[in-house]
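# Inside the fold
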Amino acid sequence: MPSDQEDSVLELNVGGVFYTTALATLTREADSHLADMFKERASLEKDAKGKYFVDRDGVLFRYVLDFLRNQALVLPEGFRERARLRQEASFYGLGNLDKAIQEQSAGGEASSLQQKRGYITVGYRGSFAFGREGLTDVKFRKLSRILVCGRVALCRDVFGETLNESRDPDHGMSDRYTSRFFLKHSSIEQAFDMLQEQGFKLVASCGSGTAGGNQAGLKPGVDFEENRWNHYNEFVFVRE
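What you are looking at is a predicted structure, and each value in this text was computed from that prediction instead of being measured. (Residues numbered from 1 in each chain as written. Predicted model: local features only at pLDDT ≥ 70, side-chain atom pairs only at ≥ 80, totals over all residues. Heavy atoms only, no water.)

## Brief notes about the nonpolar core
General note: in soluble globular proteins, nonpolar side chains tend to be found buried as a group. Core analysis: the biggest nonpolar cluster contains 29 residues, and L12, L34, F38, F61, V64, L85 and Y92 have the highest contact counts within it. When residues in this core are grouped by element, the largest group, six residues, is from helix α3 (residues 61–70). Excluding residues that lie within four positions of it along the chain, L12 makes contacts with V17, F18, Y19, T21, L26, F38, K51, Y52 and F61. Of all hydrophobic cores here, the second largest spans 21 residues; its members include I120, V122, L154 and F200. (Core = buried A, V, L, I, M, F, W, Y, C linked by side-chain atoms within 4.5 Å. Buried < 20%, exposed > 50% of the residue type's maximum accessible area, 1.4 Å probe, protein only. Helix = DSSP H or I, 4+ residues; strand = E, 2+ residues; numbered from the N terminus. Contact = heavy atoms within 4.5 Å.)

## Quick notes on the sheet that holds strand β3 (residues 52–54)
Taken in spatial order, the three strands line up as β2-β1-β3 in an open sheet, and their pairing is mixed. The outermost strands of the open sheet, each flanked by one partner alone, are β2 (17–22) and β3. Direction aside, the axes of adjacent strands within the sheet are offset by 30 degrees on average. Pairing between strand β1 (residues 9–14) and β3: three bridges, direction parallel. Each residue of the ladder has a partner; that of L12, found in β3, is Y52. The sheet strands contacting α3 are β1 and β2, and the helix crosses β2 at an angle near 10 degrees. (Pairing = 2+ DSSP bridges. Axes fitted to C-alpha atoms, helices over the stretch in contact; angles between N-to-C directions.)

## Observations regarding helix α4 (residues 82–92)
Among the residues making up α4, those that are buried are L85, E88, A89 and Y92. The arc enclosing the buried residues of α4, seen along the axis, measures out at 100 degrees, which places them on a common side. Facing away from the buried side of α4 by over 90 degrees, the exposed positions are A83, Q87 and S90. Positive phi appears at G93, one or two residues downstream of α4, with a value of about 70 degrees. (Arc of directions from axis to C-beta.)

## Observations regarding the environment of R84
The topology assignment puts R84 in helix α4. Along the backbone, R84 and L60 are 24 residues apart, and their C-alpha atoms lie at a distance of 8.2 Å. Beyond its immediate sequence surroundings of up to four residues, R84 is in contact with D57 and L60. Within the local environment of R84, its side chain forms a polar contact with the side chain of D57, the two groups lying 2.4 Å apart. (Polar contact = N/O pair within 3.5 Å; in protein donor to acceptor, adjacent residues only side chain to side chain.)

## A closer look at the pattern of salt bridges
By the definition in use, this model includes eight salt bridges. Between D66 and R69 there is a salt bridge, with its nearest N and O atoms 3.8 Å apart. Here D66 pairs with R69, and both are found in helix α3, just three residues apart, close to one helical turn. With relative accessibility at 38%, the residue R69 sits in the partly exposed group. A salt bridge links R86 to D98, with the nearest nitrogen and oxygen atoms 2.7 Å apart. (Salt bridge = Lys/Arg side-chain N within 4 Å of Asp/Glu carboxyl O.)

## A short note on the environment of L154
Inspection of the secondary structure puts L154 in helix α6 (residues 152–159). On the accessibility criterion, L154 (3% relative accessible area) is buried. Note: C-alpha distance between L154 and Y177 (23 residues apart in sequence) is 9.5 Å.

## Re the side chain of T25
By the element assignment, T25 lies in helix α1 (residues 23–26). When near neighbours in sequence (up to four residues on either side) are disregarded, T25 contacts L65, L68 and R69.

## So, unusual backbone geometry
In most cases, non-glycine residues show a negative phi, while peptide bonds are predominantly trans. At Q71, a residue that is not glycine, the phi angle is positive and equals roughly 55 degrees. Summarising the element assignment, Q71 is placed in the loop between α3 and α4.

From the geometry alone we can't say anything about function, so treat these as descriptive.
Next comes the structure, spelled out in structure tokens:
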């Protein structure tokens, strides 16, 4: 058994995700299975680089470490893996973490009721797409991207995994508004279906006219016929 002074800083490989942490952090809850694992480190496997290997969910382990370091549970807004995190807490024998997850889940349900009302604005820029055969091969709607604006919690609640947040620089902030989201699909009816399923109703809409015959300033590779039919539409939905 290693002495208390050996390996006070440990390198871990948890399910393929690497961590560096203190032995004191891992053994903070002395009666937990996690503490027992690292008190008796001789029984732990090591990977090819000499890191202690734990065959568990490596991504969720970051929340286990955060809880042990801060003695508080802080999860990102829209976190959807509480059941799996409770499973990890059970495996590691961290009763306090499991209790914190349950309490936050109960608080989250109350918070979601408070956030029930709100507005979401959906917009898209579209055109006609003319094929090689001209009007005989036309697509009467060509959408490049569907944009989503509104309160972050509401947008995530409605659109879930179809919401692309890659261009939102403030994704870690909670309970805020954004105009930087867009959807991973280009079917406006699918977006409307998702809003309807969540109880939203259309209350307003607007649209721009087509670009007309102005050909000046076209970028290389932009089709003139498509460009002249460019238009933008926006729809405002509310859930009361």
